[in-house]
Amino acid sequence: MACAGSLLLLSACGAPQSALNPRGPASSEIALLWWVLFWISVAVTVVVFGSLGWALFRPRHAPDATRTESPRLFLVLGVAIPSIILIGTFGLNMRTILATATPGSPPAVDLQIVGRQWWWEVRYVQPGPSFTTANELHIPVGQPVHLELLAPDVIHSFWVPELQKKTDMIPGQTNSTWIQADEPGDYRGQCAEYCGEQHGHMAFHVVAQPPDQFQAWLAAQQKPAAQPGPDQSRGVQVFSSAGCIGCHAIRYGSGAVGGGIGPDLTHLASRSTIAAGELANNRGNLGGWIVNSQAIKPGNYMPPIPISGDDLQALLDYLESLK
Ligand code: CUA
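Residues numbered from 1 in each chain as written. Predicted model: local features only at pLDDT ≥ 70, side-chain atom pairs only at ≥ 80, totals over all residues. Heavy atoms only, no water.

1. Quick word on the domain arrangement of the protein chain
Put simply, the test is: Domain borders in the structure are assigned automatically or taken from a domain database. Contacts were defined at the residue level, with two residues in contact if any of their heavy atoms lie within 4.5 Å. A simple way to read buried area is as the amount of 1.4 Å-probe accessible surface that goes missing from two parts once joined, with both sides added. Salt bridges are defined by distance alone: a side-chain nitrogen of Lys or Arg within 4 Å of a carboxyl oxygen of Asp or Glu. Numbering of helices and strands starts at the N terminus; helices are DSSP runs of H or I of at least 4 residues and strands are runs of E of at least 2. For this scheme, ten residues count as nonpolar: Ala, Val, Leu, Ile, Met, Phe, Trp, Tyr, Cys and Pro. Four count as charged, namely Asp, Glu, Lys and Arg, and the remainder, Gly too, count as polar.
The assigned domain composition of the protein chain is domain 1 (14-58 + 66-222) and domain 2 (230-320). Of note, the centres of domain 1 and domain 2, computed from C-alpha atoms alone, are 34 Å apart. If you look at the interface, domain 1 gives 19 residues, while domain 2 gives 19 residues. For the pair domain 1 and domain 2, the two sides together bury roughly 1,600 Å², of which 44% comes from carbon and sulfur. Where domain 1 touches domain 2, the interface holds 0 salt bridges. The greatest single-element share of the side of domain 1 that touches domain 2, amounting to 4 residues, is contributed by strand β5 (residues 131-134). Partitioned by chemical class, the residues of the side of domain 1 that touches domain 2 number 7 nonpolar, 9 polar and 3 charged.

2. Regarding the packing of aromatic side chains
The criterion, for reference: Stacked, edge-to-face and tilted labels apply to pairs of Phe, Tyr and Trp rings (six-membered ring for Trp) whose centres lie within 6.5 Å, assigned for plane angles under 30 degrees, over 60, and everything in between, in that order. We call a residue buried when its accessible area falls under 20% of the maximum for its residue type, exposed when it is over 50%, and partly exposed in between, using a 1.4 Å probe and counting protein chains only.
Overall, the coordinates contain 13 aromatic pairs when judged by the stated rule. Taken together, a centroid distance of 5.8 Å and an interplanar angle of 85 degrees make the contact between W120 and F158 edge-to-face. Here the residue W120 occupies a position in strand β4 (residues 119-126), and F158 occupies one in strand β8 (residues 156-159), the gap between them amounting to 38 residues. The pair W120 / F158 is uniform in exposure class, with both members buried.

3. Comments concerning unusual backbone geometry
Of the consecutive residues Q117 and W118, the connecting peptide bond is found in the cis state with omega at -5 degrees. You can see W118 is positioned in the loop between β3 (109-116) and β4. The phi dihedral of N135 is positive, around 60 degrees, even though this residue is not glycine. Structurally, N135 is set in the loop between β5 and β6 (136-140). Classification of N135 as buried rests on a relative accessible area of 5%. Look at A276: it is not a glycine, yet its phi comes out positive at around 55 degrees. Tracing the chain through its elements places A276 in the loop between β15 (273-274) and β16 (279-280).

4. Let's talk about the pattern of salt bridges
Under the definition given, this model contains 7 salt bridges. In this structure, the salt-bridge partner of E29 is R95, at a minimum N-O distance of 3.1 Å. Taken as a pair, E29 in helix α1 (residues 25-57) and R95 in helix α2 (residues 71-101) lie far apart in primary sequence, 66 residues in all. Judged by its relative accessible area of 41%, R95 is partly exposed. Across the pair R234 and D311 runs a salt bridge whose closest N-O atoms are separated by 2.5 Å. Of this pair, R234 sits in helix α4 (residues 233-241) while D311 sits in helix α6 (residues 309-320), and the two are 77 residues apart along the sequence. One network of salt bridges, in which partners are shared, links R116, E121 and R123.

5. Observations regarding α6
For the record, the criterion: How far a helix is expected to stretch is found by multiplying one less than its residue total by 1.5 Å.
Compared with the 16 Å implied by 1.5 Å per residue over 12 residues, the 16 Å span of α6 between its first and last C-alpha is a close match. Within α6, burial applies to L312, A314, L315, L316, Y318 and L319. Check the buried side of α6 and you find it contacts α4, β13 (250-252) and α5 (283-292).

Here it is in structure tokens:
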């Protein structure tokens, strides 16, 4: 599944990625507000341009020196009606802010999302053993999920248009939000605050699953990586010798190896995309990314990895075993 980029309201894979396609309680409130404001704007536009047209094209009479404009008409048309509309729409906005601030029931899952240049670290901190993944959130359908939003480097903004409003991620401050999907599906999200060269390629996916499927996914992710077999031993060596281990963690029962600034790879092969939603997660894309990710996302923090073809194949064998 490669759903990089978006064109108007449709992402490249055809799935709508639009706040006007609400799939959760919060986004439904936002879409309702959008439509109410839209129709108020239409009404105001019709009245204003209708009045202008009437003023321009009404039958003219000779100037009448005794006629004066009514100040009462000015007060009603120029002050009272606009004030009522502005105060009314302000009230509607406040209502929507309150309605989307907190979920209707206690959150089923607690997550921490860390905005990075330029990918998303996703930490499942509850329930059960915590683990870290990247660029792909799984959530149980029909249940609110609480998100703590962190940013160690620059300001990002977390946005899943079909599920919730934007929430900024600000260094030195912890913001929080919640999401809930009413239907199973794959909802594309993206960074909504300019955060550097690859801001436009900082996407993620929210996969909403029926609760039993979500629990199965959770249980699989909580497990450590499978111990590498003889077929992966050369790949394990390359993972160290080529330098991957300096930035990427893989969690084993005996403890994690590696780590630092890149995505956790414990269950890399279970993810649908790599490079923050940029590429489908398949062997060819993964190989290309490892050899020269700078050709795909210039400026990202992963340097080109100069390794032989045989070493690359062994490394890919190992990474693809991390299901
Ligand atoms: Cu992160 Cu824009």
